[in-house]
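Fold and geometry: a report
One letter stands for each residue in the lines below.
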Amino acid sequence: MYIDVDADEAWERLRASRWKPPGKAGTGARRKTYSAALEQTEQMFRAASVVGPATRPLQVFYGLSQAGRAIAAAAVALKGEDWRLITHGIKASGFDKHFPDIEIRTDPPGTHGSFVRVSEVLVSPVWEKDAVRLEDVWDLLPLNLGYPLTGRERPTPLFAAASSIHYQDHPLLSIPVCDIPDRVIDAGTRDALADFLTSYPAVARHESYETTCALSLGSEATPEYTRYDHGGGELVVNWEMPQGSATSAERLEYLLTMTRPYAGQRYFLPVLTPMSSELHPLMAWWATLYALSMLARYEPASWVTNISVDSSQHAVSIERLLERAIIHLPVLIADTITEVST
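I will try to describe carefully the structure that is included in this document. These figures come from a predicted structure and were not determined experimentally.

**Regarding helix α12 (residues 315-341)**
Its 27 residues place the ends of α12 38 Å apart at the C-alpha level, agreeing with the 39 Å of an ideal helix rising 1.5 Å per residue. Ala 325 marks where α12 bends most, by close to 40°.

Written out as structure tokens, the structure reads:
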């Protein structure tokens, strides 16, 4: 999937924010931490841009980790000393397993680890008992739609075409839900769609969707998908507005409550077991990069094997992910600071 981002503009936004930090980062220790952490973030990312994949996950992850400290310093939801982050708050194991099966766990809710505290600010879940596989969080990133790690059936982000909201007052929010996989479209039934949407609670709460005309008495109208030339497709889905007839601005606001932001776009994200809700995209990046950085740091021989295009089926996908991390993450960091400080 092509996602248009401007990393240079995002760095300008972040640098410009440091003379008058947003949210709770305006004074004292929080202001000092905000500015210092963003300086370290930028330098880590600049360093990552000039090295190869052998060490790039280390610079990118620790740059993101420092950005987490700036996010916490700015967050209006964190009171007292709760903005101070201690330890990673996330663990990776199973490095002897197949690359997609590396296991990721978090510290318990309410602890001071960086991943846990930033997740709480973003109303994003943590999980401490049952592990999540690297492949599962990998697939939560929109840019990985065309870069699967295995051939399994995957729950991936569904793009919410917010620009399709029409301007007339209306009691229904109606938009195309995009990137529905071929297996659901090929099945063509209402049951197949309903089963697929169990992983997407916000979409599953729809009021209706566009259907084909029933051709014979007793036959059931089926979802009317629009197919893409490159695979997959979309379906126009309708939700009933809680207050009845609503303006386009009110319908857009309702859509924002059901979706997560990514680089100026909105996505319906699947809820993974054992999570209680959908993972914020920044935290999906965080979990993915943490696992890659730990593998690179503590199992360098295994990491070098995984990034070798001569011996690894995952090498090109890893290269692409790390290249996009340098471009996408500054935008997500800047957007997240705005999100938590207003």
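Structure's up, so let's keep going.
**Details of the environment of Ala 10**
Take Ala 10: it is sitting in helix α1 (residues 7-16). Along the backbone, Ala 10 and His 328 are 318 residues apart, and their C-alpha atoms lie at a distance of 9.3 Å. What Ala 10 contacts, discounting residues up to four positions off in sequence, is Pro 330, Val 331 and Ala 334.

**Some remarks on the nonpolar core**
Side chains of nonpolar character tend, in soluble globular proteins, to be buried together. Counting residues in hydrophobic clusters, the biggest one holds 79 residues, and the most contacted among them are Phe 99, Leu 282, Trp 285, Trp 303 and Leu 329. Listing elements by their share of this core, those giving two or more residues are α1, α2 (28-48), α3 (56-74), β1 (90-93), α4 (114-121), α5 (134-138), α10 (281-298) and α12. Among the elements that line this core, the one with the most residues is α10, at 13 residues. Split by domain, this core shows at least three residues from each of two domains, domain 1 (7-155 + 276-340) and domain 2 (158-268).

**With respect to the packing of aromatic side chains**
Think of a pair of aromatic rings as described by two things: how far the centres are apart, and how the planes are tilted against each other in angle. Counted according to the given criterion, the structure contains 9 aromatic pairs. Centre to centre, the rings of Trp 11 and Phe 45 are 5.7 Å apart; their planes meet at 70°, and the pair counts as edge-to-face. Of this pair, Trp 11 sits in helix α1 while Phe 45 sits in helix α2, placing them 34 residues apart in sequence. A relative accessible area of 5% places Trp 11 in the buried class. Its relative accessible area of 2% is what places Phe 45 among the buried residues. When the ring of Phe 115 is compared with that of Trp 127, the centres are 5.8 Å apart and the planes differ by 90°; the resulting orientation is edge-to-face.

**Remarks on the pairing of strand β8 (residues 233-240)**
The sheet contact formed by strand β5 (residues 172-180) and β8 spans 8 bridges and is antiparallel. Within β8, the residue paired with Cys 178 across the bridge is Glu 234. In this structure, strand β7 (residues 226-227) lies alongside β8, joined through 2 bridges in antiparallel fashion. Paired with Thr 226 across the strands is Glu 234, a residue of β8. Linking two consecutive strands that pair antiparallel, namely β7 and β8, is a turn of 5 residues; a positive phi of about 110° is found at Gly 231 within it.

**Regarding the side chain of Thr 288**
Considering the arrangement of structural elements, one finds Thr 288 in helix α10. Since its relative accessible area comes to 0%, Thr 288 is described here as buried. A polar side-chain atom of Thr 288 sits 2.8 Å from the main-chain carbonyl oxygen of Ala 284. Beyond its immediate chain neighbours, meaning those up to four positions away, Thr 288 contacts Leu 134, Val 137, Trp 138, Leu 141 and Leu 321.

**Looking at α10**
The end-to-end C-alpha distance of α10 is 26 Å, a good match for the 26 Å that 18 residues give at a rise of 1.5 Å each. Extensive coverage of α10 is indicated by the burial of 16 of its 18 residues.

**Some remarks on the pairing of strand β10 (residues 265-268)**
Of the pairings in the sheet, the one linking strand β4 (residues 158-160) to β10 comprises 3 bridges and is antiparallel in character. Directly across from Phe 159, in β10, lies its bridge partner Tyr 267. Two strands pair when backbone bridges link them, and strand β9 (residues 260-262) and β10 are joined in this way by 3 bridges, in the antiparallel orientation. By the bridge assignment, Pro 261 is partnered in β10 with Arg 266. Between the antiparallel neighbours β9 and β10 lie 2 residues, among them Ala 263 with a positive phi of about 50°.

**Quick look at a negative patch on the surface**
A surface patch of negative charge is lined by Asp 4, Asp 6, Asp 8, Glu 9 and Glu 12. Mapped onto the elements of the fold, Asp 6 is located in the segment before α1. Note on Asp 6: relative accessible area 43%, which makes it partly exposed.

Criteria and thresholds
- Residues numbered from 1 in each chain as written.
- Predicted model: local features only at pLDDT ≥ 70, side-chain atom pairs only at ≥ 80, totals over all residues.
- Heavy atoms only, no water.
- Helix = DSSP H or I, 4+ residues; strand = E, 2+ residues; numbered from the N terminus.
- Expected span 1.5 Å × (residues − 1).
- Bend = angle between axes of the 7 residues up to and from the residue.
- Contact = heavy atoms within 4.5 Å.
- Core = buried A, V, L, I, M, F, W, Y, C linked by side-chain atoms within 4.5 Å.
- Buried < 20%, exposed > 50% of the residue type's maximum accessible area, 1.4 Å probe, protein only.
- Domains from an automatic or database assignment.
- Phe/Tyr/Trp six-rings, centres within 6.5 Å; stacked < 30°, edge-to-face > 60°.
- Pairing = 2+ DSSP bridges.
- Polar contact = N/O pair within 3.5 Å; in protein donor to acceptor, adjacent residues only side chain to side chain.
- Patch = residues over 30% accessible without salt bridge, like charges linked within 9 Å, V, L, I, M, F, W, Y side chains within 5 Å.
- Areas by Shrake-Rupley, 256 points an atom, 1.4 Å probe, with all protein chains shown as cover.
- Salt bridge = Lys/Arg side-chain N within 4 Å of Asp/Glu carboxyl O.
- Lys, Arg positive; Asp, Glu negative; His and termini not counted.
- Charge placed at Lys NZ, Arg CZ, Asp CG, Glu CD.

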